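Coordinate analysis (summary)
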Amino acid sequence: MICRPRRHLPGSLLVAAVCGAATPLALAEPAAAPAAGSPAYLHAWDGGDDPAALERWVRMHMDRADGDIARLTAVKGAHTTANTLRPYDDAFNELTFATSQASVLYGVGATKELRDKAQALTQTANAALTALSLNPDVYHALAAVPAPADAATRHYLEHTLLEYRLAGVDKDDATRAKIKVLQDKITELGLAFERTVHDDVRTVLVDKGQLGGLPPDYLAAHLPDAKGQVKITTDPPDAWPAEKFADNAELRHKVFLAGESVGYPANEKTLRALLEARAELAHLLGYATWADLAMADQMMGTPARLRDYLKQIDATSRESGAREDAALLAFARERDPSLKQISAADARYWQEQYRRAKFNFDSQSVRPYFPYAAAERGVIATASQLFHVDIRPVSGVRTWHPSVTTYDVYDGKVRLGRIYLDMHPREGKDKWFSTQLLTAGVLHRQLPEGALVCNFPGGKTGDPGLMQYSDVVIFLHEFGHLMHHVIGGQNSYAGEGGFNVEGDFIEAPSQMLEEFFHDYGVLSSFARHYQSGAVLPQELYARMNRADTYGRASGQQRQLMYTAVSLDFHTLPPATLDFDAVYRQDFERFSSFAFVAGDHLWASFTHLNGYSSNYYTYVLDKVIALDFFAQFDPRDLLGGPAGMRYRRAVLAPGATRPAAQLARDFLGREPNLEAYRRWMLAEFDRGAARASSAAR
Ligand SMILES: [Zn+2]
């Protein structure tokens, strides 16, 4: 479960993140709207933290969208791409501004008042987008445009018409009105679900004597109070090291349970209402379940095809996963003979201990080589070299928070777009790791902009922000999304951007970039000890890489568990769905760890909003990503020709071609499981095979 990208309302348009009691603009407001391209036009945060300024900004973009729609429906005579598709895309672009930036500020806004307003406006703007997706006049106008000569525009037009039909545009007025009510409700409930998670930071109090095993910089940042107690929150930089490194089982159990209780019980009602609204909408549109609807415009197509595909993935990973888990249990029993089963709360701890013992790799030993600032420079340098772009810091840019850093992305002298990094936790900020679209790209008119919203260590004075190596992998993952958006945002229409490609392709470019972490040439360019400046020793790197191969199959089984939860919650009848029971059943199908009573992971599983039934995206795209990565020359990953070829075949086309074609264009064939199998069975199994033949 890594990043959570855009929300996608199937049968609708690609939706940023999400009504609010609109206060009419004061009459004193100047009538002139900011010019397109001016900062005031581009950025919602230009009005500072004033909720009223945000509202004016969102309304301005919605009004402009109304103008564009009026233009295309007023056409008398022949409809053309110029007089119909272009104004449609202009309206889509304006609503993308409104939905995406309101949604970003909902997650990162500096004050509660601003986040509240942003939430309400995300709802309002998404309601406008839904209204556009159900507007029969727009649909008929688009349908009257003759097939464009160029393939990209033709694909965009055909795909847009398909999305209109899936949205229910050809239903009667009463049905469309019902659809609209349900879509708006879905948006509202989804936002409420996530907001509960953002605001629900739990704190565990532990005795200072229980902190054994945690690294010194962690201890320095967690000093005991007068009673000798230490606070650990559920924010990732706090909770993750505690679960992985703390020797004290009670501490691990407390921190685990706190994390798996986030959103519970508040989100139970919200989630049920959300699933009910989705099921009702699917039925209204003629689909048996929400999952059928949500997959209709995806590469996967149907839940039946998905189930077949998942069987293959299960067959590929189950046995190896069981072997990994059995080895782990045997190891833990050497330390604690009374142990019958490893608790889910202890899994990360035992995996760390196992890697230390069997691979001579202590993951704390590499943290000093990954202080946040160096990792940021390293990830940027890696992406620059790989994709042949320059990413340069820009100063003096106004953003939504002083901690945000800004960069421009260049191709030679040509500026391709702008990116913003908001990388450390704050109160009330989104608690996960995601890439967010801010502006869509329109060739020669508007540059794409995007942001990373993350919760990495650091960002506080005196804290070097030592990252776990898995944090650096997440950073690369998110950067893969960002590059997809920027490089794929150089097409003729806003709706042709990288994030508008089929949703179940979105996690391929991100997971592809993760793989670059495992190259010494890449790592040694930035991994330097935060105190001594020494480069990450090659020998330590080699042990880390070998140790990392352990747990891949069981990790894929875990992805299948999330996939099953996401699918089951969207195919079983929601009124009677027992969230805890179904979650536990899926957990036990794919994990050998003991389920921990009180684990309500589903209550903070925000992918249930963003990806709904389609969490499988990560699994499908892992296969594609590894196939892509296998096309690079391992001896010269960054310098070889594959990077540019990948940029041109996969990233740059954005949504101008079907995703399956992007994959074929780069691979020269259909994607297959070979690279995935090799990756999964890498060192660990080869090591296990050696050990067992030696034993014989
Ligand atoms: Zn992702």
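Residues numbered from 1 in each chain as written. Predicted model: local features only at pLDDT ≥ 70, side-chain atom pairs only at ≥ 80, totals over all residues. Heavy atoms only, no water.

**Some points on the pattern of salt bridges**
- A full pass over the atoms with the stated rule returns 39 salt bridges.
- In this structure, D116 and K112 form a salt bridge, with 2.7 Å as the shortest nitrogen-oxygen distance. Within this pair, D116 and its partner K112 are both found in helix α4 (residues 112-133), separated by four residues, close to a single helical turn.
- Overall, the relative accessible area of 48% leaves K112 in the partly exposed class.
- For D184, the salt bridge goes to K180, with nearest N and O atoms at 2.5 Å. Of this pair, D184 and K180 are both found in helix α7 (residues 173-199), four residues apart, which corresponds to roughly one turn of the helix. (Salt bridge = Lys/Arg side-chain N within 4 Å of Asp/Glu carboxyl O. Helix = DSSP H or I, 4+ residues; strand = E, 2+ residues; numbered from the N terminus. Buried < 20%, exposed > 50% of the residue type's maximum accessible area, 1.4 Å probe, protein only.)

**Points about the environment of P146**
- Its place among the elements puts P146 in the loop between α5 (136-143) and α6 (151-167).
- As a C-alpha pair, P146 and A78 span 68 residues in sequence and 9.2 Å in three-dimensional space.
- Sequence-distant contacts of P146, defined by excluding residues within four places in its chain, comprise H79 and L157. (Contact = heavy atoms within 4.5 Å.)

**Quick look at the sheet that holds strand β9 (residues 449-453)**
- If you trace the five strands from one edge of the open sheet to the other, you get β5-β6-β7-β9-β8, paired in mixed fashion. The open sheet is flanked by β5 (390-394) and β8 (434-439), the only strands paired with a single partner. Taken over all neighbouring pairs, the strand axes of this sheet differ in orientation by 25 degrees on average, direction set aside.
- Taken together, the seven bridges between strand β6 (residues 405-411) and strand β7 (residues 414-422) define a ladder with antiparallel strand orientation. Within the sheet, the bridge partner assigned to V409 lies in β7 and is G417.
- Sitting on the sheet, helix α16 (residues 469-487) is in contact with β5, β6, β7, β8 and β9, with an inclination near 165 degrees to β9. (Pairing = 2+ DSSP bridges. Axes fitted to C-alpha atoms, helices over the stretch in contact; angles between N-to-C directions.)

**Some points on the environment of T399**
- When you line up the elements, T399 lands in the loop between β5 and β6.
- The spacing of T399 and L601 is 202 residues in sequence and 33 Å in space, taken between C-alpha atoms.
- Here T399 is in contact with W45, V404, T406 and Y420, once residues within four sequence places are set aside.
- Of the polar contacts made by the side chain of T399, one reaches the backbone oxygen of H401; its length is 2.8 Å. (Polar contact = N/O pair within 3.5 Å; in protein donor to acceptor, adjacent residues only side chain to side chain.)

**Remarks on helix α14 (residues 347-359)**
- Its 13 residues give α14 an end-to-end C-alpha distance of 17 Å, which sits within 8% of 18 Å, the value for a rise of 1.5 Å per residue.
- For α14, the complete set of buried residues consists of A347, Y349, W350, Q351, E352, Q353, Y354, R355 and F359.
- At the exit of α14 stands N360, carrying a positive phi of roughly 50 degrees. (Expected span 1.5 Å × (residues − 1).)

**Things to note about the confidence of the model for the protein**
- Confidence in the prediction for the protein averages 93 pLDDT; 93% of positions are at 70 or higher.
- A low-confidence stretch, residues 1-31 stays under pLDDT 50, and its non-local contacts, those more than four residues away or across chains, total 122 contacts.
- The low-confidence segment residues 689-696 (pLDDT under 50) makes one contact with residues lying over four places distant or belonging to another chain. (pLDDT = per-residue confidence, 0-100.)

**Overview of the side chain of T122**
- Considering the arrangement of structural elements, one finds T122 in helix α4.
- You can call T122 buried: its relative accessible area is 0%.
- Of the polar contacts made by the side chain of T122, one reaches the backbone oxygen of A102; its length is 3.3 Å.

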